[in-house]
Every structure is written in structure tokens, then in C-alpha cells.
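# Chains, contacts and geometry: an overview
Spelled out, the chains give:
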Amino acid sequence: MNRKITGILLALLLATVGTFALVAYVQSAKEEAVAGERQVDVVVVRDRIRRGATVEDMRGAVDTSKVPAKVRPEDAVSDLGALDDGLVAAVDLEPGEVLLRSRLVTAEDLARASVPEGMQELTVALEPERAVGGTLGAGDTVGVVLSFEPFERDKSQGGGKTPNMSHLTFHKVVVTSVQFDSNESTPSLGGDGDDEEEDVERAPSNRLLVTLALTSPQVEQVVFAAEFGHIWLTAEPADADESGTRIVTLGEVYGSAAVAGAQP
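Cut-offs applied
Residues numbered from 1 in each chain as written. Predicted model: local features only at pLDDT ≥ 70, side-chain atom pairs only at ≥ 80, totals over all residues. Heavy atoms only, no water. Helix = DSSP H or I, 4+ residues; strand = E, 2+ residues; numbered from the N terminus. Contact = heavy atoms within 4.5 Å. Polar contact = N/O pair within 3.5 Å; in protein donor to acceptor, adjacent residues only side chain to side chain. 1 Å grid on protein atoms, 1.4 Å probe; cavity = no way out; pocket = protein on both sides within 12 Å on 5 of 7 lines; lining within 4 Å. Points joined across faces, edges and corners; volume = space filled by probe spheres on them. Nonpolar A, V, L, I, M, F, W, Y, C, P; charged D, E, K, R; others polar. Phe/Tyr/Trp six-rings, centres within 6.5 Å; stacked < 30°, edge-to-face > 60°. Buried < 20%, exposed > 50% of the residue type's maximum accessible area, 1.4 Å probe, protein only.

## Concerning unusual backbone geometry
Glycine aside, residues mostly have negative phi, and peptide bonds are mostly found in the trans state. Its identity as a non-glycine residue notwithstanding, Val 132 has a phi of 55°, on the positive side. Inspection of the secondary structure assignment puts Val 132 in the loop between strand S5 (120-126) and strand S6 (141-148). Backbone geometry places Lys 172, a non-glycine residue, at a positive phi of 55°.

Quick look at the structure:
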């Protein structure tokens, strides 16, 4: 009889404990669900924000919206006022996207890109038209064209002159820094000077100092071209086709027969 009563009491105790555990679990799940539905603030881009824009520049181009906490990105910005004023946009920010802390960097970090291991940095001074109109920035990749006017060959090389030559010599070269005086610019193509009609971006009128990450042999070739020839840079993204390049002379441009026929 005592054993039967003990069994009944034990069953009641287990049932009670199980009930409390179930209630606690349900309450916890409910609290998590409620917390997930809780509305939190996020900063959302309203107007396109250009790469390099400061936090102050962003103030007139963003709105604050509320989203459920469970869908808020972990590094979403909830208040521009809480950000360091020294931060800038690392990339172009498009309308509708949530502003993320990971898309903001210091101005110093934006101005320079890391140098690939084993490479050296070399700076060349170029007119804007030789450097994609001055639109290059740190982190971009470029093609490097080396161009030369005729050289006198010495006797050991047979004498005479070399032809004019141009060649897209290097591909996907990393730009680590670009410097120029942004206050100097050519007149806009926008017409009579009305700001509302000037939609054409101004180009720098002075030379740019473009720093490239190069191997040691590339350094020698680029320096030689800077001293005795000309350098052009192309905007060459990762998916640009590198095939079909060759050393181009006048005969390559027009065809050897056409060049011969044009000679007096």
C-alpha cells in the first residue's frame, strides 16, 4: 500500500515538474517571438550616395525607418549621429538599401589600397586624359599601355631607327592611391553656368599622381616609359578581356601595304 501511494506521489511530482517546464518553454518561445517582432530603427538610403561621401554629406540623403528586430542586419546603422564624423562611404550606396557599418571606412583607408604581397609601389604623373579622365580611385585595377617614339639603334643592333610602338603591356594592376588638386577643374560642359543644368561631371585640369602596385621588372619598364616614352592607363576590371594584344606599330594600325603605298 505504501509503495502504491509513493508511486502516485512520484507521478504527481513528475507531472507538476513537466507542466512547469512546458509553461517555461512556451513563455520563452513567446518572448523570443515578441522580441523578433519588436520594431527597431535603421538608416535607409533615399538618394544615391557616392563613394567617398562623408557622414555629414549623407544626412540629406537618408531616412530612418523601422523594421522587425529579427530582420535587422547585425551591422545596420540606426543613428547617423552615433557615427564618427571621419567615416566615409566605401562604395556607392543605392536608394533603398540599409546603411551598414561595414560599408563605411575612414577617409585614410579609402584614399589608399593595400599593396599585394611581394609588390612595390611606384607613382607616375599623368595628364587626366592618360588616366581615364581622372576618375580612377584607390583599389581600382588598370591596364598599363607603354608607348614609344622611334629610337636610334646602335651599330650592334644593326643601326637605323625603331618604329613607333605601343603595347598594352600589363593587366589588372592595382591602383593604391590617386592624388590631385580637386579644386582645379576645367569648365563644365553644362552650358551657361546654371547649376540646375550642369549635369556633366567636371574633370581635373592638372596632372594626377597615380600610384601603382608593381613587380620589380614592371617597375623598371614603367620607369623607362616615363623617362623616354608615354604611359596610358585603362580602366580594366576583373572581367576585362586581355586577349588579342600585341605590339602595335604604324604598319599594324593601317596595314603594312597601306603604309608602304603612302610613302613618297
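Next comes the rest of the description.
## Overview of the environment of Glu 94
Tracing the sequence through the fold places Glu 94 in the loop between strand S3 (87-89) and strand S4 (104-106). Each residue touching Glu 94, except ones within four places of it in the same chain, is listed here: Val 45 and Arg 48. Within the structure, the side chain of Glu 94 is placed 3.0 Å from the side chain of Arg 48, a separation counted as a polar contact.

## Section: the layout of surface pockets
One number sums up the size of the second largest pocket: a volume of about 200 Å³. As for the second largest pocket, its lining consists of 13 residues, of which Ala 125, Leu 126, Arg 207, Ala 226 and Ile 231 are closest to the centre. Element by element, the count of residues in the lining of the second largest pocket is highest for S5, at five residues. Residues of the lining of the second largest pocket, tallied by class, amount to seven nonpolar, three polar and three charged.

## Some details on the packing of aromatic side chains
For the coordinates displayed, the defined rule picks out four aromatic pairs. Ring centres of Phe 148 and Phe 151 lie 6.0 Å apart, and the angle between their planes is 55°; this geometry places the pair in the tilted category. On the basis of relative accessible area, Phe 148 is assigned to the buried category, the value being 15%. Members of the aromatic cluster, connected to one another through ring pairs, are Phe 148, Phe 151, Phe 224 and Phe 228.

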